[in-house]
Amino acid sequence: MAVNVTIREGLKTDMPAVLALIHELAVYEKAPHEVIVTAADMEEYGFGNEPYFKLFVACEHEKIIGISLFFIRYSTWKGPLLYLEDLVVSNEYRGQGIGHLLFERTMQYAHEKNLAGMAWQVLDWNEPAIRFYDKYKATYSSEWLNGRLSKDQIASFFNSTK
């Protein structure tokens, strides 16, 4: 375990460090070009009038070394669920239990809010992440396809229907 690691709620001023971790994850997932969000976007969308996400950060001293970024979604079958968008620990700090601290704090939040559960995605080739979630007896679905439309695709649809 890393020395002096604390888990706390993320702050607006943390967003540049959070974005750096997101970029690190994108490189690991072989998609650095996919990250288009800015720290200013994250400040607005996470801490504006209508926050879209919450997060916990792992800090060693004052340095942010990990994040758990999530939001609440509503399942018409189950009710409110916590959706874990990203669980990231900086590469140099992996394997020290920090991911477990973040994940368990996120689980605790779901429990405290009496949510119907937690959901997330994991890439099928990311064996270390799958082994991590397996320790919690996670279940995986092979039945559902992930649908998606980009901002440009949505705009193109509406522009073509005029």
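Calculation notes
Residues numbered from 1 in each chain as written. Predicted model: local features only at pLDDT ≥ 70, side-chain atom pairs only at ≥ 80, totals over all residues. Heavy atoms only, no water. Helix = DSSP H or I, 4+ residues; strand = E, 2+ residues; numbered from the N terminus. Rg over C-alpha atoms; globule rule 2.2 N^0.38 Å. Buried < 20%, exposed > 50% of the residue type's maximum accessible area, 1.4 Å probe, protein only. Contact = heavy atoms within 4.5 Å. Expected span 1.5 Å × (residues − 1). Arc of directions from axis to C-beta. Pairing = 2+ DSSP bridges. Axes fitted to C-alpha atoms, helices over the stretch in contact; angles between N-to-C directions. Phe/Tyr/Trp six-rings, centres within 6.5 Å; stacked < 30°, edge-to-face > 60°. Lys NZ or Arg CZ within 6 Å of the ring centre and 35° of its normal. Right-handed = clockwise from strand over helix to strand, strands pointing away.

Participant: Help me understand the overall build of the protein chain, please; the structure alone is not making it clear to me.
Facilitator: Helix and strand content of the protein chain: five helices and five strands. Written out in order from the N terminus, the α and β elements of the protein chain read β-α-α-β-β-β-α-β-α-α. Computed over the C-alpha atoms, the radius of gyration of the protein chain is 17 Å, within 12% of the 15 Å expected from 2.2 N^0.38 for a compact globule of 162 residues. With 162 residues in all, the protein chain has 36% of them scored as buried. In the protein chain, the proportion of contacts linking residues at least 24 apart, taken out of those at least 6 apart, comes to 58%.

Participant: Looking at this model, I keep getting lost on helix α1 (residues 15-28). Mind explaining?
Facilitator: Side chains that are three or four residues apart share a direction in an α-helix, a result of its 3.6 residues per turn. Here α1 contains 14 residues, and its C-alpha end-to-end distance of 20 Å stays within 8% of the 20 Å for a straight helix at 1.5 Å per residue. Those residues of α1 not exposed but buried are M15, V18, L19, L21, I22, L25 and A26. Buried residues of α1, viewed axially, fall in a sector of 155 degrees; they line one side. Against the buried residues of α1 lie α2 (39-47), β2 (54-60), β3 (63-75) and β4 (79-89). K30 occupies a position one or two residues after α1 and carries a positive phi of about 60 degrees.

Participant: Explain the sheet that holds β4 to me, please; I cannot follow it from the model alone.
Facilitator: Where strands meet in a sheet, backbone hydrogen bonds hold them as pairs that are either parallel or antiparallel. Here we have five strands laid out as an open sheet, ordered β1-β2-β3-β4-β5, and mixed in their pairing. Two strands bound the open sheet, and with one partner strand each, they are β1 (5-9) and β5 (118-120). Pairs of neighbouring strands in the sheet enclose a mean axial angle of 30 degrees, with direction left out of account. Note: β2 against β3, seven bridges, orientation antiparallel. Residue pairing across strands places C59 opposite I64, the latter belonging to β3.

Participant: Would you take a moment to explain the packing of aromatic side chains for this structure?
Facilitator: For any pair of aromatic rings, geometry is given as the distance between the ring centres together with the angle between the planes. With the rule as written, the count across this model stands at 15 aromatic pairs. When the centroid spacing of 5.1 Å and the interplanar angle of 55 degrees are considered together, the rings of F70 and Y109 count as tilted. Taken together, the residues F70 in strand β3 and Y109 in helix α3 (residues 98-112) connect sequence positions 39 residues apart. For the pair F70 and Y109, a shared accessibility class is recorded, and that class is buried. Ring geometry for F132 against Y133: centres 5.2 Å apart, planes inclined by 85 degrees, an arrangement best described as edge-to-face. No difference in accessibility class separates F132 from Y133, as the two residues are buried. Taken together, the ring pairs in this structure connect F103, W120, F132, Y133 and Y136 into an aromatic cluster. Here the guanidinium or amino end of K30 rests over the ring plane of W125, the centre of that ring lying 4.1 Å away. When the ring centre of Y28 is taken as reference, the NZ or CZ atom of R94 above it lies at 5.2 Å.

Participant: Honestly, the pairing of β4 in this entry has me stumped. Any pointers?
Facilitator: Within a regular strand, the side chains alternate between the two sheet faces. Burial runs high along β4: nine of the eleven residues are buried. Hairpin connection, β3 to β4: the antiparallel pair is bridged by three residues. Sheet topology places β4 next to β5; three bridges connect them, and they run parallel. By the bridge assignment for β5, Y83 is matched with A119. For the handedness criterion, the β-α-β arrangement of β4, α3 and β5 is classed as right-handed.

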